[in-house]
Amino acid sequence: MKITVSFPFIFFFLAFPMLVFAQTYQVSGTLKDEQNKEVLAFVQVALFAEGDETNPVVFSDSDEEGNFSLEAPQGTYIFKAFFLGFQDQIIQDVKVSGNVELGDILMQSESKNLEEVIVRTSRMPVRTGLEGIVITPENNIANTGGTLLDILRNTPSISVNVDGTIALRGSTGTNILINGRNSSLTQNLDQLPASTIEEVRVINNPNARFDAEAESGVIDIILKKGQDLGTHGGVEGTYGTRNRSNVGARLNHRGANFNVFGGYNYRDWKDVGTQRSNRVIFEEKETLTQNTDNTGRDKGHNMNYGADYYFGNNILSYEGIYQYGQNSQTNTLYAVLHRMSEAGEEDEFDYVRRNKEDNTNEVIDNALIYEHNFKDKGHLLRFTASNSYQNQYKTQRIEIFGNALNPSPENLTGQERAYTDEVRNISVFQFDYIKPFGNGKFETGLKSNIRKFDNDYIYLRKDESSQEFIEDPTISNRFLYKDQIHAGYVVLSAKRPKFEYGLGLRGEFTQVDTYLENTDEENRQDYFNLFPSLQTMYNLNEKHSLKFTYSRRIDRPKAWSLNPFPDITDSLNIQRGNPKLQPEMINSFEFGHLANYEKSSLSTNLFYRKVNGQLDFITFLKDGISYTQPENLLSSSSYGLEFIGTSEVNDWYAVNGGVTVFRIAVDGSNISEEFTNSGFSWSAKLTQDFKLIWGLNFQLVANYDSPEIEAQGKDLAQYYMDASLQRSFFGDKGNLSLSLRDVFDTMRFAGNALTNSFSQDFYVKRETRILLTTARFNF
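Read on for a plain summary of the structure. Worth saying up front: this structure is predicted, and the values here are computed from it rather than measured.

For Asp 93, which is not a glycine, the phi torsion comes out positive at approximately 55°. For Asp 93, the location among the structural elements is in strand 6 (residues 89–96). On the accessibility criterion, Asp 93 (41% relative accessible area) is partly exposed. Of note, the phi angle at Gln 467 is positive, near 60°, even though the residue is not glycine.

Our next topic: the environment of Thr 24. Along the polypeptide, Thr 24 turns up in strand 1 (residues 24–33). Between the alpha carbons of Thr 24 and Asn 99 there is a distance of 8.6 Å; along the sequence they are 75 residues apart. Residues within four places of Thr 24 in sequence aside, it is in contact with Glu 71, Ala 72 and Pro 73.

On the basis of which strands lie adjacent, the open sheet formed by three strands has the order 4-1-7 and mixed pairing. Each edge of the open sheet is held by one strand with a lone partner, namely strand 4 (67–73) and strand 7 (100–107). Mean inter-strand twist for the sheet, computed between neighbouring axes without regard to direction, equals 25°. Here six bridges tie strand 1 to strand 7, and the two strands are oriented parallel to one another.

Take a nonpolar patch on the surface next. A cluster of nonpolar residues, Phe 548, Phe 589, Phe 591, Leu 602, Leu 606, Tyr 608, Tyr 639, Phe 643, Val 659, Val 661, Phe 680 and Trp 682, forms a patch on the protein surface that exposes about 1,100 Å² of accessible area. Elements that contribute at least two residues to the nonpolar patch include exactly strand 31 (584–596), strand 32 (600–612), strand 35 (635–648), strand 36 (653–667) and strand 37 (676–691). When residues of the nonpolar patch are assigned to their parent elements, the largest contribution, three residues, is made by strand 32. Within the fold, Val 659 resides in strand 36. Judged by its relative accessible area of 32%, Val 659 falls in the partly exposed class.

Thresholds applied
Residues numbered from 1 in each chain as written. Predicted model: local features only at pLDDT ≥ 70, side-chain atom pairs only at ≥ 80, totals over all residues. Heavy atoms only, no water. Helix = DSSP H or I, 4+ residues; strand = E, 2+ residues; numbered from the N terminus. Buried < 20%, exposed > 50% of the residue type's maximum accessible area, 1.4 Å probe, protein only. Contact = heavy atoms within 4.5 Å. Pairing = 2+ DSSP bridges. Axes fitted to C-alpha atoms, helices over the stretch in contact; angles between N-to-C directions. Patch = residues over 30% accessible without salt bridge, like charges linked within 9 Å, V, L, I, M, F, W, Y side chains within 5 Å. Areas by Shrake-Rupley, 256 points an atom, 1.4 Å probe, with all protein chains shown as cover. Salt bridge = Lys/Arg side-chain N within 4 Å of Asp/Glu carboxyl O.

Structure below.
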């Protein structure tokens, strides 16, 4: 019998196993919010092979209707859905031998716990918890086209001075971190574009995990790196008044085993301003009036980049930042000095001092992070090693025009040069271990923070006879600062149905070495301190909680504040450091109430701080020259009440903001009774969002800081309002916005000082009413 086998039959017989093996099936479903049954769009979903929950076999996102579809070959899988503000949804033992319909999958909103209480609003996600708040800057239109300083200006509890000084609840003693690490980038916060920042964490009463540094707490800046599966990115460009511009782009790709990300931003910002001051010396009957015109330009490049590698239960990450900036400015000071002579006649002396300054700044940050996750959830081990390098080089060309108020060449009477070369190195080595147990968690870790600062200042005067610039060794100086802070901590936390707590203890050994090359003067300080912390929360019900926190903290003198050599940019108002400064020791208490509703939240906090050895700037007169330097006052105390709230009132109106009221009392009686002062202050921030016709979003942001006392006087009130209009396109992937900063041109900084020997007032005004247009597209 003859059997004929055709070629197609043979091909099918041989290929059939491969076709079966290669065949894929659809796993689909719909994701919804368990509470209100609304669909959840853009949720990350993935299938994992059994025994490997690190590397997804396939992944995707839900669409605008909450629907998703994953294609996978035959097998048994674990399904996971991830979404910010919701608990991970996990479905075990998903058997795929044909198309699988999972139906409606309900995701639970994250419940309140010791770490954070999450309040979701479509316009401004806010997470409020025991230690502070977390905000997402991208949801505030007023931040568009700005920098980190603009974000902080619009953050509840925070005030920003005209020179970029940050104050939290009235205190300038803040520890600013980048991605949870100490970094030289915090020296120039206006060089970090707002578009590169993922979120800002404000931690008023940090527990023992954090450095004990800073009086008022920690501000942690988290930069964007991208963690979403697949390829994502965005571009943004801003153009505004006086040809100000800011452009940037970012890109990340995450696969099963790796994630790479990078971003670049270029900023070109021009600035103009004026300032004036008046000083009266009572006994000498001397009056000094100074007016200064300022112009400046900042050009900067900012890059952040890195990668994550996932293998088994391990993650190896690298994070890098490179920043290069150029700043040029011209400050022209016009001074008029009136003094009564012994004969009773009034003498007048006029002069102009013009300072042309160029500054280059380079920062390189590198960090390597290794993390191992054990099989039980939350059990992990982490090692971090990082280095931050900064080199700033400043050139000053100073011209003096004596007995004249006209800076013309014929009135030139003197010239000076100054060169400052400053190098900063910060190295951090850190180990953290977390072990959950029952209803609790045990945490411990070690950290070493090693810093080296080298400031080399060269000052020259032009010799009229030789027409050469000759160095003045009485002013030139080189100051070297080194410190090492070695720390260890333990935190024990537990959770019960109604009550949760966290108890921590941190020990820090500090060694500080300073060396002044000119005088061959060395100083060393060694000290060890213990810093306990306590966090508790009592959950009254699902919507209301009470909290109490305590921490002991330290605020060490900054390196520049220890350098005794003077800054003579203004020869009649000289600033210098004080090598005898000691650290502040702080005890901080907070009691609060958290209320969370479906579309609104309110956080109410009572706080009290006691500072021993308060650091403050003191001004005194000698031979008609005012000298300003930091001193350790006896103590200070502050207490206050803070409200932070957010609400979606209806479909077209949302509001969020905060009010802080506090009293500060400063006791400088160890120096003089005239350095004792006290007073109440308050600040308020209000952001209102309106949904208008044609898909337009309109936003108003108002800020007010009341007068605030200092040891010798007070700062006057500051207030301003910003207005922004935004329209989204391409399914919310792109938007176009128009922002008018400081609508009524009211932002300025002013204050006064009064002692037994003199009075002084000052006023600083920069160009703050600025119109900006920004275009953004994300993919």
